[in-house]
Amino acid sequence: DQQVKQNSPSLSVQEGRISILNCDYTNSMFDYFLWYKKYPAEGPTFLISISSIKDKNEDGRFTVFLNKSAKHLSLHIVPSQPGDSAVYFCAASGWGDDKIIFGKGTRLHILP
Amino acid sequence: GAGVSQTPSNKVTEKGKYVELRCDPISGHTALYWYRQSLGQGPEFLIYFQGTGAADDSGLPNDRFFAVRPEGSVSTLKIQRTERGDSAVYLCASSLQGSFSHEQYFGPGTRLTVT
């Protein structure tokens, strides 16, 4: 049973437009959420995170929104750039738990 | 500085054989994690070390899988009597003790193929 769900396996976005990647979770004990980015033949790299006490966290072109009542989070990338083409993993962790639970990932294609 | 390194990068073995996968974490990182990523899936947690001890091994699929970290730095994931279903990319990650951000730094992985 998947605790972190990314229902879109892939997404194509025009360069310069906004990319929105979505993630849903089922475990109400999760209190920390992360996004990782992965290029082929490399390990995932940390992108941005958000604690459950917040509903928004911004870092440059990347913003993560958290809706606890809906158990939903999203990653916004604006403007999208060619180097953003990668697989994006949503992940979650519980309070005091160092284990991270990952979703299956969404492959983002930025079109020229 | 040096990141997390994993060796070998690729390993092909026959069904039933024993394999060892090595992970060198970032210097000073006391926490070390092993994950397995199968095709089309996200990384799946296997085991977490804090120092030399396994703090959480709840993700190990069965007793064919074992991991050690004898000196609190390098870790080895050991798989006995390999099966074709063990084929996957095995990822290692490390993090600072008590890192509130939970940020983990991943290595490039070892691609294991069991024929």
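Structure's up top.
A brief structural summary. Model, not experiment: these values are computed from the prediction. (Residues numbered from 1 in each chain as written. Chains lettered and ligands numbered in written order. Predicted model: local features only at pLDDT ≥ 70, side-chain atom pairs only at ≥ 80, totals over all residues. Heavy atoms only, no water.)

**Examining the overall build of chain A**
- In terms of helices and strands, chain A carries zero helices and eleven strands.
- Walking chain A from its N terminus toward its C terminus, one meets helices and strands in the order β-β-β-β-β-β-β-β-β-β-β.
- The C-alpha atoms of chain A give a radius of gyration of 13 Å, which matches the 13 Å a tight globule of 112 residues would have.
- Principal-axis analysis of the C-alpha atoms gives chain A an extent of 40 × 30 × 20 Å.
- With 112 residues in all, chain A has 46% of them scored as buried.
- Of the roughly 5500 Å² of accessible surface on chain A, a fraction of 50% belongs to carbon and sulfur atoms.
- Each charge sign in chain A was given a centre, from 12 positive and 11 negative side chains, and these centres are 4 Å apart. (Helix = DSSP H or I, 4+ residues; strand = E, 2+ residues; numbered from the N terminus. Rg over C-alpha atoms; globule rule 2.2 N^0.38 Å. Buried < 20%, exposed > 50% of the residue type's maximum accessible area, 1.4 Å probe, protein only. Areas by Shrake-Rupley, 256 points an atom, 1.4 Å probe, with all protein chains shown as cover. Lys, Arg positive; Asp, Glu negative; His and termini not counted. Charge placed at Lys NZ, Arg CZ, Asp CG, Glu CD.)

**Quick word on the interface of chain B and chain A**
- On the chain A side, the residues contacting the 20 residues of chain B number 19 residues.
- For the pair chain B and chain A, the summed buried surface comes to about 1600 Å²; carbon and sulfur atoms form 57% of the total.
- A:K99 serves as the salt-bridge partner of B:D56, at 3.6 Å between the closest nitrogen and oxygen.
- One can count two residue pairs in polar contact (both at pLDDT 80 or more) joining chain B with chain A.
- Contributions of two or more residues to the side of chain B that touches chain A are made by β4 (31–37) and β5 (44–50) of chain B.
- Among the elements that line the side of chain B that touches chain A, the one with the most residues is β4(B), at three residues.
- Broken down by class, the residue content of the side of chain B that touches chain A amounts to nine nonpolar, nine polar and two charged. (Contact = heavy atoms within 4.5 Å. Buried area = accessible area lost by both parts, 1.4 Å probe. Salt bridge = Lys/Arg side-chain N within 4 Å of Asp/Glu carboxyl O. Polar contact = N/O pair within 3.5 Å; in protein donor to acceptor, adjacent residues only side chain to side chain. Nonpolar A, V, L, I, M, F, W, Y, C, P; charged D, E, K, R; others polar.)

**Some words on the side chain of B:H29**
Residue and element names in this part refer to chain B.
- Its place among the elements puts H29 in the loop between β3 (19–24) and β4.
- Since its relative accessible area comes to 9%, H29 is described here as buried.
- A polar atom in the side chain of H29 sits 2.8 Å from the side chain of S94.
- When neighbours within four sequence positions are excluded, H29 is seen to be in contact with R69, S94, S95, L96 and Y105.

Fair warning: the whole summary comes from geometry, so function is off the table for now.
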